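Examining the three-dimensional arrangement
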Amino acid sequence: MAAEKIVMNGEGKLTVPDHVTIPFIEGDGIGPDVWRASKMVLDAAVEKCYNNKRRIEWLEMLAGEKAFNQTGEWLPAATLDIAREYLVSIKGPLTTPVGGGIRSLNVALRQELDLYACVRPVRWFHGVPSPVVHPENVDMVIFRENTEDIYAGIEFASGTPEAERLLKFLQGEPGMMKKIRFPDSSGFGIKPVSKDGSERLIRAAILYALEHHLPTVTLVHKGNIMKYTEGAFKIWGYALAEREFGDKVYTWQQWENAKKTHDEDTANKELKQAKAHGKLIINDVIADNFLQQILLAPKDYSVVATLNLNGDYISDATAAAVGGIGIAPGANINYLTGHAVFEATHGTAPRFADTDTMNPSSLLLSGVMMLEYIGWHEAAVAITEALGVTIMRKRVTIDFYNLMHDATLLKTSEFAHEIIKNIK
Ligand code: NAD
């Protein structure tokens, strides 16, 4: 039977054929090494779990240096067409072209497909070297808004006519000029944060938490300083949770209200009851405090919804606690259209290109997220368990080997074979 495309059905759910075509970008630098290894494991797991009843047909899309060398373009239109048409794809790391029109190929892909949720699960695998004492307490999924905030790229360099025009506008606004310490030499950046953009991200985080029976969604923001962007994110988030999810959730806002209308004891009783009834608790934490909480009390957090820039810092900080970028997976998803690009979170590490030495776990675990996303849970679980066993047996690539006692050093390809051997 010929391979078929994944499509979105009328109910907004993916229809995934058993013999499915999935496009991939192998990536630059270490991309081909880690992609080859990941593909090998993904194929082996699907074969072992479904006995040829299910199969992935991989379709290559060109992007990055390979695309540039073959077509003269970093991100050919054909690649975007394929990613759009096939809905779900996976990619290795891409070089960021220096100069020229494209800021970043990853950003271009996210914008083209409006992939508004950057989803990063962060968990520890037993034995992975970590700088924290109890990395096993870190088990979170971070939902980072991917299309707004300071990343919108609206910036005006100091001394340009654009900066002048903005200053002129601000001169007309009462009290504004006093807020700019050195108007003549200031550059400016604009931070758009919308209700629509915040709501779709927070909705995705809540749905994920409910589907996976997780206890909390934490809105992380810097609303004490940026009231109408980050503060609004929190307010919109609580309102959405109460409006759309009703008695499936209990929010800190409701707790605050109970405290005001009754007293603290009554509010605490309400919260306790909500937890006892398995309601999803929606709370919020200020971003700087959150960065210390993930070190001090990571167990208190399970799903995190946050804005673009906070999400950038938080993803790397939490990834570091569980072993760093060599093992942290990621996905960029539009839950409304179904479009999703699963990707390694590290870069191309060009110094190590074609050495067959780097850790393929980041891309492989992104593949695992992809299998979960398309509903092939058995294969996803099989790979996760086999990877866990391989690391626990200390048969690892150089990044982990250098930090472990009595480990066996494996090449990227050998590590993949080892995982395959451990698939049950
Ligand atoms: P990098 O992630 O490529 O490498 C930094 C260091 O991390 C490497 O020198 C290596 O020691 C380690 N490392 C990275 N991946 C590893 C792996 N799989 N296993 C073991 N160790 C690993 O970051 P960089 O050097 O800042 O960026 C290089 C290029 O990659 C740049 O062009 C950058 O723009 C691009 N980049 C792409 C993406 C992406 O495509 N998603 C992300 C980040 C950077």
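1. A short note on the pattern of salt bridges
Inspection of the entire model under this criterion finds 23 salt bridges. Salt-bridge contacts for Asp18 lead to Lys53; the nearest nitrogen and oxygen are separated by 3.3 Å. Taken together, the residues span a long stretch of sequence, with Asp18 in the loop between strand S2 (14-15) and strand S3 (19-25) and Lys53 in the loop between helix H1 (31-50) and strand S4 (55-60) at a distance of 35 residues. Overall, Lys53 belongs to the exposed group, its relative accessible area being 58%. The residue Glu230 makes a salt bridge to Lys191 at a minimum N-O spacing of 2.7 Å. Pair noted here: Glu230 is in helix H7 (residues 227-245) and Lys191 is in the loop between strand S9 (188-189) and helix H6 (195-211), with a separation of 39 residues, a long-range link. Assigned by exposure class, Glu230 and Lys191 land together as buried. Linked through salt bridges whose partners overlap, the residues forming this network are Lys195, Glu199, Arg203, Arg243 and Glu244.

2. A look at the layout of surface pockets
Considering only enclosed or pocket space, the largest pocket measures out at about 1,400 Å³ in volume. Along the wall of the largest pocket there are 45 residues; nearest its centre are Tyr208, Glu211, His212, Glu372 and Tyr373. Residue assignment for the lining of the largest pocket shows that the elements contributing at least two residues are strand S6 (117-123), strand S7 (139-145), H6, strand S14 (329-333), helix H12 (361-373) and helix H13 (377-392). Looking at the lining of the largest pocket, the element that brings in the most residues is H6, giving six residues. Classifying every residue of the lining of the largest pocket gives 29 nonpolar, seven polar and nine charged. If you add up the space inside the second largest pocket, you get close to 380 Å³.

3. Notes on the site of the ligand
Taken together, 19 residues surround the ligand, and among them Leu94, Thr96, Gly347, Ala349 and Asn359 come closest. For the ligand, an oxygen atom lies 2.9 Å from a polar atom in the side chain of Asn106. Interatomic distance of 3.0 Å between a backbone N/O atom of Thr348 and an oxygen atom of the ligand. Taken together, the residues of the shell around the ligand break down into nine nonpolar, seven polar and three charged.

Analysis parameters
Residues numbered from 1 in each chain as written. Predicted model: local features only at pLDDT ≥ 70, side-chain atom pairs only at ≥ 80, totals over all residues. Heavy atoms only, no water. Salt bridge = Lys/Arg side-chain N within 4 Å of Asp/Glu carboxyl O. Helix = DSSP H or I, 4+ residues; strand = E, 2+ residues; numbered from the N terminus. Buried < 20%, exposed > 50% of the residue type's maximum accessible area, 1.4 Å probe, protein only. 1 Å grid on protein atoms, 1.4 Å probe; cavity = no way out; pocket = protein on both sides within 12 Å on 5 of 7 lines; lining within 4 Å. Points joined across faces, edges and corners; volume = space filled by probe spheres on them. Nonpolar A, V, L, I, M, F, W, Y, C, P; charged D, E, K, R; others polar. Near = heavy atom within 4 Å. Polar contact = N/O pair within 3.5 Å; in protein donor to acceptor, adjacent residues only side chain to side chain.

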